[in-house]
Amino acid sequence: MRDTAGSLFGTTSEGGTSRSCGGIGCGVVFKLDTSCHETIIHSFNAKDGTGPNGIIVRDAAGNFYGANKRGRFFRL
């Protein structure tokens, strides 16, 4: 998904700062700006729902919504 400034938002199902999920991280939501600078918006852990499934939406207020591999919904 892109915002009006051209930044790209996405998810990974592994990686991030959490060492849970078998030591490989539980996934992230990231932003990639037009200069290719990456910012981690959220790093998932075993408590808040591991492995975002790649589908996220963003509302007008800037909140992100999505689901993880286990079918749990999240809001960031």
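Our subject is the structure that appears above.
Below, the structure is looked at part by part. (Residues numbered from 1 in each chain as written. Predicted model: local features only at pLDDT ≥ 70, side-chain atom pairs only at ≥ 80, totals over all residues. Heavy atoms only, no water.)

**A short note on the side chain of Ser7**
Take Ser7: it is sitting in the segment before strand S1 (8-12). Sequence-distant contacts of Ser7, that is, excluding residues within four places in its chain, are made with Met1, Arg2, Lys31, Leu32, Asp33 and Thr34. (Helix = DSSP H or I, 4+ residues; strand = E, 2+ residues; numbered from the N terminus. Contact = heavy atoms within 4.5 Å.)

**Description of the pattern of salt bridges**
Oppositely charged side chains may form a pair once their charged atoms are brought near each other. Within the structure shown, the criterion is met by one salt bridge. When the shortest N-O distance is used, the salt bridge between Arg58 and Asp3 registers 3.9 Å. Residue Arg58 is found in strand S4 (residues 52-58), and its partner Asp3 is found in the segment before S1; the two are separated by 55 residues along the sequence. (Salt bridge = Lys/Arg side-chain N within 4 Å of Asp/Glu carboxyl O.)

**What about the pairing of strand S2 (residues 28-32)?**
Two elements, S1 and S2, share five bridges in a ladder whose sense is antiparallel. Directly across from Thr12, in S2, lies its bridge partner Val28. As paired strands, S2 and strand S3 (residues 38-43) are joined by five bridges and run antiparallel to one another. The residue of S3 that forms the bridge with Val29 is His42. Counting the residues in the hairpin turn of S2 and S3 gives five residues, including Cys36, whose phi is positive at 65 degrees. (Pairing = 2+ DSSP bridges.)

None of this, on its own, says anything about what the molecule does.
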